[in-house]
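Letter by letter, the chains look like this.
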Amino acid sequence: MNYYSTNNVKAKFTFKEAVVHGLAPDGGLYMPELIPPLQKDFIKNLKNYLFEEIAFEIAKGFVDEEINNSDLSDIIKSSINFPAPIHKLSDSTFILELFHGPTLAFKDFGARFMARTMSHFVKDSKDELNILVATSGDTGSAVANGFYNAEGINVYILYPSGKVSESQEKQLTTMGGNITALEINGTFDDCQRIVKEAFVDSELTEKLNLSSANSINISRLLPQSFYYFEAFKQLPPKFEKAVFCVPSGNLGNLTAGLFAKKMGLPIEYFISATNSNSVFTEFINSGRYAPRESIKTFSNAMDVGTPSNLDRIKRLYQNDIEKMRCEIKSSSHSDPDTLSNIKRIYEKHNYILDPHGSVGYLAMEKFSNNSSLNTAKILLETAHHSKFLDVVEQAVNKKLELHPTLRESFSKEKISTQLSNKYSVFKEYLICS
Ligand SMILES: *Cc1c(COP(=O)(O)O)cnc(C)c1O
């Protein structure tokens with residue numbers, strides 16, 4: 001199967017090119033020419049398959065023989081090696097827990113699959129691959145963890161100084177080895193701009209073999225469609241359809257869900273939840289796209305002012321905003337509401353949401369009257385609450401225990417290199433290091 005660039009539908013690339021380059025030479029995002037539909041019987045009988053078998057069936061269509069079945073199966077078994085259970089909140093409301101991976105966030109699925117897929121493609125080449133990744137928090141730790149010790153690969157993580165939580169910073173600055181943490185004096189959008197600039201800088205790309213690991217890499221997006229199927233599989237049989245609510249930032253998770261729908265999963269519609277960085281919500285509701293600087297919120301992995309996957313979504317709908325609106329609802333929620341909702345859900349259901357999940361819950365509630373009785377509502381809980389302990393403790397007004405995984409990273413020493421937000425400074429650093 002061919003991949004094209006969102007900037008040029010006629011350009012043709014292989015899956016390997018899309019994975020290794022991350023971003024197309026013209027600066028566009030790679031998109032598959034076709035979202036391969038799954039067999040109807042397979043979807044009807046999801047219950048008969050293990051998570052890894054579902055993942056394999058989906059991945060096979062996109063990889064299209066560029067990786068042989070046995071290698072692909074190995075990549076999946078070693079990357080998708082933790083569960084994605086659903087937790088029942090009420091009769092028709094479920095929480096899809098995506099935080100059972102090594103860094104306690106959904107990004108583990110994408111990062112681990114991408115790292116192993118890239119390693120597969122570059123392992124025989126003599127040039128080292130340099131991965132650049134901008135993070136507003138969770139991406140960095142998931143990527144660092146996924147690529148740790150990958151042969152022939154160096155990872156540079158750019159994060160905004162003082163704008164990620166203490167535990168996020170610990171997770172991304174304590175790996176060492178082939179992982180370098182760059183602390184940028186600026187915002188997440190600065191980090192993202194620097195990375196984008198690097199990829200279109202031919203002077204740099206001629207010297208260094210560069211690739212990206214943001215949610216723009218197609219191999220990070222694909223595995224995120226696996227768990228929509230896994231969630232649906234676990235529903236009680238009376239549910240014929242599902243509505244998925246997705247806490248959104250760069251829209252990778254939402255795009256992967258749209259892929260799942262195109263593959264044939266019976267999804268009625270999506271709810272995309274944003275915090276005060278409501279650029280996408282405004283776009284869906286008014287058709288106007290007004291990208292801007294991000295602002296800091298409690299759900300900081302969603303603090304995005306220029307959602308990078310929007311071009312993919314526009315391609316999926318051929319720019320038809322009316323059609324988009326039928327399948328994607330969206331609403332935006334403030335920090336105070338996020339906080340009081342964590343408390344409310346804790347008191348009502350004895351379940352602790354993280355700030356991202358809380359924004360999602362509020363959006364899901366807003367649209368809850370729109371769906372029918374045989375439709376389940378599924379909220380993607382994108383991170384474990386322990387990653388945002390200060391906010392969550394403030395919300396529920398009591399001390400909570402730190403997750404054991406985090407306790408371990410807190411005991412290690414932070415190592416980072418501080419850089420200004422100027423591209424030229426970053427470029428010099430990269431060339432000289
Ligand atoms: C990255 C992230 C999001 C946003 O996901 P996108 O795919 O960028 O829309 C939401 N919640 C958490 C916890 C995240 O880490």
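Coordinates for the structure precede this section.
Residues numbered from 1 in each chain as written. Predicted model: local features only at pLDDT ≥ 70, side-chain atom pairs only at ≥ 80, totals over all residues. Heavy atoms only, no water.

*Asks:* When you look at the overall build of the protein chain in this model, what are you seeing that I'm missing?
*Replies:* Along the protein chain, the regular secondary structure elements total 20 helices and 14 strands. Relative to the compact-globule value of 22 Å for 433 residues, the protein chain shows a C-alpha radius of gyration of 20 Å, a close match. By principal-axis analysis of the C-alpha atoms, the protein chain measures approximately 60 × 50 × 40 Å. Buried residues in the protein chain amount to 61% of all 433 residues. (Helix = DSSP H or I, 4+ residues; strand = E, 2+ residues; numbered from the N terminus. Rg over C-alpha atoms; globule rule 2.2 N^0.38 Å. Buried < 20%, exposed > 50% of the residue type's maximum accessible area, 1.4 Å probe, protein only.)

*Asks:* Would you mind showing me how to read the site of the ligand here?
*Replies:* What surrounds the ligand is a group of 15 residues, the closest being Lys-107, Gly-249, Asn-250, Leu-251 and Thr-382. Here an oxygen atom of the ligand and a backbone polar atom of Asn-250 are 2.8 Å apart. One nitrogen or oxygen atom from the main chain of Gly-252 is found 3.0 Å from an oxygen atom belonging to the ligand. In the complex, 97% of the free accessible area of the ligand, which totals 380 Å², lies under the protein chains. (Near = heavy atom within 4 Å. Polar contact = N/O pair within 3.5 Å; in protein donor to acceptor, adjacent residues only side chain to side chain. Areas by Shrake-Rupley, 256 points an atom, 1.4 Å probe, with all protein chains shown as cover.)

*Asks:* Explanation requested: the nonpolar core in the structure shown.
*Replies:* A general trend in soluble globular proteins is that nonpolar side chains are found buried together. Residues Phe-147, Tyr-227, Tyr-228, Phe-229, Phe-244, Phe-259 and Leu-265 are the most contacted members of the largest nonpolar core, which totals 97 residues. Not counting residues up to four positions away in its chain, the partners in contact with Phe-147 are Met-114, Ala-115, Met-118, Ile-131, Ile-153, Val-155, Asn-178, Ile-179 and Ala-213. Grouped together as the second largest cluster of nonpolar side chains are 22 residues, Leu-158, Ile-194, Val-304 and Leu-430 included. (Core = buried A, V, L, I, M, F, W, Y, C linked by side-chain atoms within 4.5 Å. Contact = heavy atoms within 4.5 Å.)

*Asks:* What is the right way to look at the sheet that holds strand S3 (residues 30–32) in this model?
*Replies:* As a general point, the strands of a sheet are linked pairwise by backbone hydrogen bonds and lie either parallel or antiparallel. One open sheet accounts for three strands, arranged S2-S1-S3; its pairing is antiparallel. Strands with a single pairing partner mark the edges of an open sheet, and in this sheet they are strand S2 (8–13) and S3. Each strand of the sheet is rotated relative to its neighbour by a mean of 40 degrees, with strand direction disregarded. Here three bridges tie strand S1 (residues 3–5) to S3, and the two strands are oriented antiparallel to one another. Looking at the pairing, Tyr-4 lines up with Met-31 of S3. (Pairing = 2+ DSSP bridges. Axes fitted to C-alpha atoms, helices over the stretch in contact; angles between N-to-C directions.)

*Asks:* When you look at the pairing of strand S6 (residues 129–134) in this model, what are you seeing that I'm missing?
*Replies:* Residues in a regular strand project their side chains so that they alternate between the two faces of the sheet. The buried fraction of S6 amounts to six of the six residues, a majority that puts the element mostly inside the structure. What you see with S6 is no split at all: Leu-129, Ile-131 and Val-133 on one side and Asn-130, Leu-132 and Ala-134 on the other are buried throughout. Here S6 runs beside strand S7 (residues 153–160); their pairing, made up of six bridges, is parallel. Looking at the pairing, Leu-132 lines up with Tyr-156 of S7. Strand direction decides the pairing type here: S6 and strand S9 (residues 210–212), joined by three bridges, are parallel. Its bridge partner lying in S9, Asn-130 is registered against Leu-210.

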